[in-house]
Amino acid sequence: MCRYVATDIPSDFLVQVGDVNFHLHKYPLLSRSGKMNRLIYESRDLGLNKVALDDLPGGPEAFELAAKFCYGIAVDLTAANISGLRCAAEYLEMTEDLEEGNLTFKTEAFLSYVVLSSWRDSIVVLKSCEKLSPWAENLQIVRRCSESIAWKACANPKGIRWAYTVKPPKVSSPKWNEMKDSSPSRNSQVPPDWWFEDVSILRIDHFVRVITAIKVKGMRFELIGAAIMHYAGKWLPGLIKDGGGSIDEASNSSNSSGGSSWKGGLHMIVAGTKDDTPTAETKDQRMIVESLISIIPPQKDSVSCSFLLRLLRMANMLKVAPALVTELEKRVGMQFEQATLADLLIPSHNKNETSYDVDLVQRLLEHFLVQEQIESSSPTTQSFSDKHMYDGAQRGVNPSAKIRVARLVDSYLTEVSRDRNLSLTKFQVLAEALPDSARTCDDGLYRAVDSYLKAHPTLSEHERKRLCRVMDCQKLSIDACMHAAQNERLPLRVVVQVLFSEQVKISNALANNSLKETGATQYQPMISNRKSLLEGTPQSFQEGWAAAKKDINSLKFELETVKAKYLELQNDMDILQRQFDKLTNKKQASAWTTGWKKLSKFTKMTTLENHDIDPQVATAPGEHTSKTTRRWRNSIS
């Protein structure tokens, strides 16, 4: 493509910019461009009549405007062409040293006095700087436009033409209309989020510059977080579905021909990451995710937990830097009680493991518990920075957060327990991660355990007992106990524990009711109290209690039968032992032992006869036994 100057003098100089050839004259260019002077006069070729400027910022359009300015033709400066023309003027060295009022001066004045004073022009110029890097950065165009946008976003927007890119929404988000914090626009009809759509058209690096400048100006962190979520919803097509719902799993998107498929180019991203050869779109979206993670305000609740989890899902899929992923996981742990089950069902990208990333949820729960421990151990009086960091709320002293997390974990365990690849250890570790005080009722855990037993029928008796240790039978409701009593998948010992705990509960209830009845009428018998209590209970409860009582009685009868059999066996054992001892004694007896036994008997008899002698004669002093014996015989004769 060729461009000519409308003049009678034939052109003597050819300037090639990209694929466009400009047939010009040397003198107008030399009079206002220092670069042209150097190219022509410093060249050894005196007859140089052709120059190629392939690296000129702004391309052929900017050079055409600069050439017109060199010929004295009026150039209409606008927000659309000023950035390219300013960079081209800098490249061509069209400064005041060559001529007063040169192109550099005029474009710089237009930027300073016209563009930066207008919201719309600042957005347009910053958008046009995307193709002018690094010239726009070096000339401070990006910085000045970013600061101008930040100043206007934080100022009162009454006099600003807002939402020029699209039609303004009829009704603003009620979340921001209901805010009553200190804001420049709280008394204005213009909503505080009027600037979201305008800045969301910017490229991610320029958007980061604007958000950083807005933070410095003191914008509320809630609005900054909302702007980040708005930007992510526009530039990450798979992050948020239409209607604000959560995205579906990539593993199930291949057969999702209905309305639950991924939106935008997420199919391309998944296909690109299979061979570990990221595409250009994958790299762009990875850079967007990493940039958004780095600019999220540190304050709690600056963005929703659902948004953080969806961003975490995409970060794992795009293989974002591990340090940023860890930081994002900590952010999720700060507000983990706000999560939903759909947000936690993050697919695992390791084919040999479970369908869902159970290890990720385990890490999120650990971050939550660490944060809870830090907040509960911290003093009640917080510093000023802590109050702003956590909005003055001490979650550690509020047990409702742990209760909500416990319910969420139980629902998650019920969902992932259907996976046959889920190991018993992972299930047990995740179920026992929360303290006992976090669960007032273990019905959710019982559902998860029962679901795991259904999906894993080959568990041994020891493994089933180990699985059932995660729940407390005393925290089960009546309905759960009735179901557990008839559940053949549970070990017998667990069923007995369930029935026993239920009996204790009913006995306590009856005892409490009897105490109340006794306090009212002291002479009313206990049987009538129990009867009235049972009559006042629902029929389903009575039937369940009757069945439980029948099971307990049968177990007691079996236990008594076993005891009786044990006593009979014990008696038989004693009889056999005595007979065995007799046989053993007879076999060991011999002639020598019999003779010694007779001798010992004779000795004993002699001793007894001696004891029958008169004690006075036997104990006569100074006399021997032989004399005594002889005297006794003489007396007889």
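See the structure shown above.
The structure presented is a predicted model; accordingly, all values stated were derived computationally and were not measured. (Residues numbered from 1 in each chain as written. Predicted model: local features only at pLDDT ≥ 70, side-chain atom pairs only at ≥ 80, totals over all residues. Heavy atoms only, no water.)

### Focus: the pairing of strand S3 (residues 20–24)
Part 1 of the reasoning: Buried residues dominate S3, accounting for 5 of its 5 residues.
Part 2 of the reasoning: Here S3 shows a buried face lined by Val20, Phe22 and Leu24 and a second buried face lined by Asn21 and His23.
Part 3 of the reasoning: Examined bridge by bridge, strand S2 (residues 13–17) and S3 share 5 bridges and lie antiparallel to one another. Residue pairing in the sheet places Gln16 in a bridge with Asn21 of S3. (Buried < 20%, exposed > 50% of the residue type's maximum accessible area, 1.4 Å probe, protein only. Helix = DSSP H or I, 4+ residues; strand = E, 2+ residues; numbered from the N terminus. Pairing = 2+ DSSP bridges.)

### Side note on the packing of aromatic side chains
Part 1 of the reasoning: Taken as a whole and judged by the stated rule, the model has 8 aromatic pairs.
Part 2 of the reasoning: Between Tyr91 and Trp135, the aromatic rings sit 5.8 Å apart at their centres with planes inclined by 75°, giving edge-to-face as the arrangement. In this pair, Tyr91 is assigned in helix H4 (residues 82–92) and Trp135 in helix H7 (residues 135–138), connecting sequence segments 44 residues apart.
Part 3 of the reasoning: You can call Trp135 partly exposed: its relative accessible area is 28%.
Part 4 of the reasoning: Ring geometry for Trp195 and Phe196: centres 4.8 Å apart, planes at 90°, overall edge-to-face. (Phe/Tyr/Trp six-rings, centres within 6.5 Å; stacked < 30°, edge-to-face > 60°.)

### A few points about a nonpolar patch on the surface
Part 1 of the reasoning: A contiguous nonpolar surface patch, about 250 Å² in accessible area, is contributed by Leu492, Val496 and Leu555.
Part 2 of the reasoning: If you trace the backbone, Val496 turns up in helix H25 (residues 492–520). (Patch = residues over 30% accessible without salt bridge, like charges linked within 9 Å, V, L, I, M, F, W, Y side chains within 5 Å. Areas by Shrake-Rupley, 256 points an atom, 1.4 Å probe, with all protein chains shown as cover. Salt bridge = Lys/Arg side-chain N within 4 Å of Asp/Glu carboxyl O.)

### Overview of helix H16 (residues 322–334)
Part 1 of the reasoning: Helix length check: H16, at 13 residues, gives a terminal C-alpha distance of 19 Å against a target of 18 Å (1.5 Å per residue), a fit within 8%.
Part 2 of the reasoning: Every buried residue of H16 is accounted for by Val325, Leu328, Glu329, Arg331, Val332, Gly333 and Met334. (Expected span 1.5 Å × (residues − 1).)

### Brief notes about the pairing of S2
Part 1 of the reasoning: S2 sits mainly inside the fold: 4 of its 5 residues count as buried.
Part 2 of the reasoning: Counted along the chain from S2 to the antiparallel partner S3, the turn is 2 residues long, and its residue Gly18 has a positive phi close to 65°.
Part 3 of the reasoning: Where S2 and strand S4 (residues 50–52) come together, 3 bridges link them in parallel fashion. Its bridge partner being in S4, Val15 is matched across the sheet by Val51.

### Quick word on the side chain of Ser451
Part 1 of the reasoning: Within the fold, Ser451 resides in helix H22 (residues 443–455).
Part 2 of the reasoning: With sequence-adjacent residues up to four places away left out, Ser451 is seen in contact with Thr414, Ser417 and Arg418. (Contact = heavy atoms within 4.5 Å.)

### Examining the pattern of salt bridges
Part 1 of the reasoning: Under the criterion given, the structure shown has 20 salt bridges.
Part 2 of the reasoning: The closest approach of N and O atoms between Asp410 and Arg439, which form a salt bridge, is 3.0 Å. A residue pair is termed long-range when its members are at least 10 positions apart, and Asp410 in helix H20 (residues 400–416) and Arg439 in the loop between helix H21 (424–431) and H22 qualify at 29 residues.
Part 3 of the reasoning: Under the relative-accessibility criterion, Asp410 is labelled buried at 6%.
Part 4 of the reasoning: The closest approach of N and O atoms between Arg464 and Glu461, which form a salt bridge, is 2.1 Å. Here Arg464 and its partner Glu461 are both found in helix H23 (residues 461–468), 3 residues apart, which amounts to about one turn of the helix.
Part 5 of the reasoning: Overlapping salt bridges bring together Arg86, Glu90, Glu108 and Arg144 as one network.

### Points about helix H24 (residues 478–485)
Since the α-helix packs 3.6 residues into each turn, any two residues three or four apart lie on the same face.
Part 1 of the reasoning: For H24, every residue scored as buried is listed here: Ala480, Cys481 and Ala484. In a view along the axis of H24, the buried residues occupy a sector of 100°, so they form one face of it. (Arc of directions from axis to C-beta.)

### Remarks on the nonpolar core
Part 1 of the reasoning: Within the largest apolar cluster, 117 residues are counted, with the highest numbers of intra-cluster contacts made by Trp195, Ile214, Leu292 and Phe336.
Part 2 of the reasoning: By residue number, the principal contributor to this core is helix H15 (residues 305–318), which donates 9 residues.
Part 3 of the reasoning: Residues Val17, Leu29, Ala66 and Tyr91 belong to the second largest nonpolar core, which totals 28 residues. (Core = buried A, V, L, I, M, F, W, Y, C linked by side-chain atoms within 4.5 Å.)

### Quick look at the packing of H21 against H22
Part 1 of the reasoning: Viewed as axis vectors pointing N to C, H21 and H22 meet at an angle of 180°, and their least axial separation amounts to 12 Å. The angle between H21 and H22 falls in the class roughly antiparallel. Contacts between H21 and H22 involve Leu424, Phe427 and Ala431 on the former and, on the latter, Leu445, Ala448, Val449 and Tyr452.
Part 2 of the reasoning: Class assignment of the residues belonging to the contact of H21 with H22 gives a composition of 7 nonpolar, no polar and no charged. (Axes fitted to C-alpha atoms, helices over the stretch in contact; angles between N-to-C directions. Parallel < 35°, antiparallel > 145°, perpendicular 65-115°, else oblique. Nonpolar A, V, L, I, M, F, W, Y, C, P; charged D, E, K, R; others polar.)

### Side note on the environment of Pro457
Part 1 of the reasoning: Checked against the element boundaries, Pro457 lands in the loop between H22 and H23.
Part 2 of the reasoning: For Pro457, a relative accessible area of 59% translates into the label exposed.
Part 3 of the reasoning: Between the alpha carbons of Pro457 and Arg489 there is a distance of 8.3 Å; along the sequence they are 32 residues apart.

### Describing the environment of Tyr231
Part 1 of the reasoning: With respect to the helices, strands and loops of the structure, Tyr231 is situated in helix H12 (residues 221–235).
Part 2 of the reasoning: Owing to a relative accessible area of 0%, Tyr231 belongs among the buried residues under this scheme.
Part 3 of the reasoning: Each C-alpha atom, one on Tyr231 and one on Asp198, is 10.0 Å from the other, the two residues being 33 residues apart in sequence.
Part 4 of the reasoning: Filtering out sequence-adjacent residues up to four positions away, Tyr231 remains in contact with Val199, Ser200, Leu202, Arg203, Ile204, Phe207, Ile288 and Leu292.
Part 5 of the reasoning: Of note is the side chain of Tyr231, whose polar atom sits 3.1 Å from the backbone nitrogen of Ile204. (Polar contact = N/O pair within 3.5 Å; in protein donor to acceptor, adjacent residues only side chain to side chain.)

### Thoughts on the packing of helix H14 (residues 280–295) against H15
Each pair of packed helices can be summarised by the angle the axes make with each other and by the distance between the axes.
Part 1 of the reasoning: Between H14 and H15, the least distance of the axes is 10 Å, while the angle of their chain directions is 135°. Considered as vectors, H14 and H15 are oriented oblique to each other. For the pair H14 and H15, the sense of crossing is left-handed. Within the contact between the two elements, H14 uses Thr282, Gln285, Arg286, Val289 and Ile293 and H15 uses Leu311, Met314, Ala315 and Leu318.
Part 2 of the reasoning: Considered class by class, the residues forming the contact of H14 with H15 number 6 nonpolar, 2 polar and 1 charged. (Left-handed = near helix turned anticlockwise from the far one by under 90°.)

Remember that the coordinates give geometry; whether it matters functionally is a separate question.
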